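# Per-entry structural report
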Amino acid sequence: MLPGRTPGSWSFALSMKRTIMNDHRRLGRELGIFDTDPLIGSGLPYYLPAGAALRKAIEDYVHELERRNGYQHVNSPVLGKRELYERSGHWAHYAEDMFPPMNVGGEEFVLRPSLCPHHALIYRSRRRSHRELPLRLAELGGQYRSELSGVLGGLTRVRAIQLNDGHVFCAPEQAAAEVAAALDLVEAAHAQLGIRAARYRLSLRGDGGKFVDDPGLWARSEAILRDVLKERGRDFDEERGEGAFYGPKIDIQIVDPAGRESSLSTVQVDFFQPERFDLGYVGGERPVMVHRSVVGSIERLLAHLIEVHGGAFPAWMAPVQAVVLPLSDAELPAAASLLRRCLTAGLRAELAPADRGSLGARIRAHRLVPYQLVVGPREAASGGASVRLRDGSQAGDVPVERLAEKSRPSFQNPESKG
Ligand SMILES: [Zn+2]
C-alpha cells in the first residue's frame, strides 16, 4: 500500500473528500448542468441551461478544430433499417447492445448503435475519385445502447449517446498518415480542454464470435496502429479482447478522481466495413475507413470535465463567462448596459443586482464565473467595470471586448504542424 493512502490517514480522507466533492452527478445537479427524471427513464439525462451552454461551447470548438483540419460535416438520421446493420456486421456481432427493432408497416427499424454505416452510405452515394481521398466526414450524432438500468448513473453510462464521430475514407497507403493526423487532433483537443490522458491502449481482437474472423485484415490494421504509436514515441499497452468487432483501436484512456478508468478518444483502422458496403473509387480499389473520435461522447466528456475542473471551467467553455455586479441599485442602469455590451461582444453573461444580497454574498454565489465585473459609482460614470478574477485577484478595468477575445479557444497546436 502506498504511503498516505492508508484509510484513516489525513491525506486519504482528503482524497476521498475530493472524490466525493467532484462527483459529476452531484456537481452536475448543483451547477444546473444536467438532471434525470424517472418518467423519461434512467440513462437518459437532459441538459439544463448551464449544461446546454457548456455543450455548445465544446461542440463549437470541436467542430471548428475539425473544419480547420480538412473535415466536412454531415448529418444523418438516428435510425436505420435492420438490413443496414445486417450489412455492416452489427447485427451479427453487436446485437445484444442494440435496442430491439421497431416494426413500422412491415419494415423493421432500429435505433442506430453507431454512425459508421450511415457514413459508409454517404461515401457510396457519389462516384469517388482517388483525387478526393482522403475524404474526411464528421458528425456529432446520436447513437443508442440498450444498457440495463442497473449499470446506469449520471453521464458515464447512458442509453442515448451524442458521439463526436468521424470517418476518414482513404487509400490504404494513406491510412498511417491519417491515423497520425487524428492523434494530433486528439492531443490538441485534450490540451485545450484540460484533459490528461492516463495511458494509450492498443485494443486488439479477442477470441469468440464478437470479432470478425479474418486474421489477415486484423494483422494489417494492427500493424498500422502499432507503427504510428511507436513512431510518435507513445508508450502503450496492448490488450486483447478490447477491439471493435471490425478492427483494432487506439484508445486514449482517462481516469476519474475515484481512480476508475474509461476510454475517451479513439482511432481505428477498418478494412472490413468498406468491403461489406462494397466501397470503391476511380483510380484505385478499396478505400480504408479510419474511424476516429477526438473527444468521445459528449456525455462521458462532460462527466470528466466536470470532475477535472470541479465546476471551475476554463473561460472559453464556462457556462457563464462574466457576471455583472452593480455595487448598489444606483449602478443598475450602468450595469444593465454593460451586460448588453458583454452579450454583444459574444460573452455568456448575466446580471446579479444588489437585491440579491451584499457584494460579498453575490461574489461567493458566482465564485465559479471567470470574470466578475464590479460596477461602482466610478465605473458607472466611465461605462467600464472593475474586473475581479475567480482566484480573487483584480485585473483592473479591462474592456469587455478584450475579455471576449480572451474567452475563445485556441487552435494553435494543430495549425502549427501544417
Ligand atoms: Zn465508426
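In the block above lies the structure referred to throughout.
Numbering of residues starts from 1 in each chain and follows the order in which that chain's sequence is written. Predicted model: local features are reported for residues with pLDDT of at least 70 only, side-chain atom pairs are reported and counted for 80 or more only, and whole-chain, interface and lining totals are derived from all residues. With hydrogens and water stripped out, all remaining heavy atoms of the structure feed into the side-chain values.

## What about the packing of aromatic side chains?
Any pair of Phe, Tyr and Trp rings, taking the six-membered ring for Trp, is counted once the centres come within 6.5 Å. Such a pair is stacked with planes under 30 degrees apart, edge-to-face with planes over 60 apart, and tilted for the rest. Counting across every chain of the model gives six aromatic pairs. Arranged with centres 4.6 Å apart and planes meeting at 20 degrees, the rings of Y123 and F169 form a pair that is stacked. One end of the pair, Y123, is in helix α6 (residues 116-124); the other, F169, is in strand β8 (residues 160-170), with 46 residues separating them in the sequence. Their ring planes at 80 degrees and their centres at 5.1 Å tell us that F245 and Y246 sit as a pair that is edge-to-face. Accessibility classification places F245 together with Y246 in one group, the buried group. An aromatic cluster of at least three residues, connected via ring pairs, comprises Y61, W316 and F411. Criterion for a charge above a ring: Lys NZ or Arg CZ within 6 Å of the ring centre, and within 35 degrees of the ring normal. Sitting over the face of the ring of Y47, R55 holds its NZ or CZ atom 4.8 Å from the ring centroid. The ring of Y123 is capped by R128, whose NZ or CZ atom sits 5.3 Å from the centre of that ring. Think of it this way: any DSSP run of H or I at least four residues long counts as a helix, any run of E at least two long counts as a strand, and we number them from the N terminus. The buried label goes to any residue with under 20% of its type's maximum accessible area, the exposed label to any with over 50%, and the partly exposed label to all in between, with areas taken from a 1.4 Å probe on protein chains only.

## Describing the environment of C170
Take C170: it is sitting in strand β8. With relative accessibility at 0%, the residue C170 sits in the buried group. We call two residues in contact whenever any of their non-hydrogen atoms come within 4.5 Å of each other. Among all residues touching C170, those that are not within four sequence positions of it are L133, P134, A175, E178, P287, V288 and V290.

## Looking at a nonpolar patch on the surface
Patch criteria: residues need more than 30% relative accessible area and no salt bridge. Like-charged residues are merged within 9 Å; nonpolar side chains of Val, Leu, Ile, Met, Phe, Trp and Tyr are merged within 5 Å. All accessibility values rest on the Shrake-Rupley procedure with a 1.4 Å probe; residue burial counts only the protein chains present in the view. Any carboxyl oxygen of Asp or Glu that lies within 4 Å of a side-chain nitrogen of Lys or Arg is treated as forming a salt bridge with it. Residues V78, L79, M102 and V104 make up a contiguous nonpolar surface patch of roughly 280 Å² in combined accessible area. Structurally, V78 can be placed in the loop between β3 (72-73) and β4 (79-81). Take V78: its relative accessible area is 31%, and that puts it in the partly exposed class.

## Structural notes on the nonpolar core
By convention a nonpolar core is built from buried Ala, Val, Leu, Ile, Met, Phe, Trp, Tyr and Cys residues, the set being connected through side-chain atoms within 4.5 Å. Ranked by size, the top nonpolar core spans 80 residues in total, and within it I58, V179, L193, I250 and M317 carry the most contacts. In terms of residue count, helix α7 (residues 175-193) provides more of this core than any other element does, eight residues in total.

## Some details on the pairing of strand β11 (residues 249-255)
Of all seven residues that make up β11, six are buried, and the element is covered over most of its length. Two strands pair under a simple rule: DSSP has to find at least two bridges between them. Sheet analysis places strand β9 (residues 199-204) next to β11, joined by five bridges and oriented antiparallel. In the sheet register, R201 faces β11, and the bridge partner there is D251. Direction of pairing for β11 relative to strand β12 (residues 261-270): antiparallel, over a ladder of seven bridges. Pairing of D251 across the sheet is with T266, part of β12. The antiparallel pairing of β11 with β12 creates a hairpin that spans five residues between the two strands, and G259 there sits at a positive phi of about 90 degrees.

Just geometry here; none of it tells us what the structure is for.
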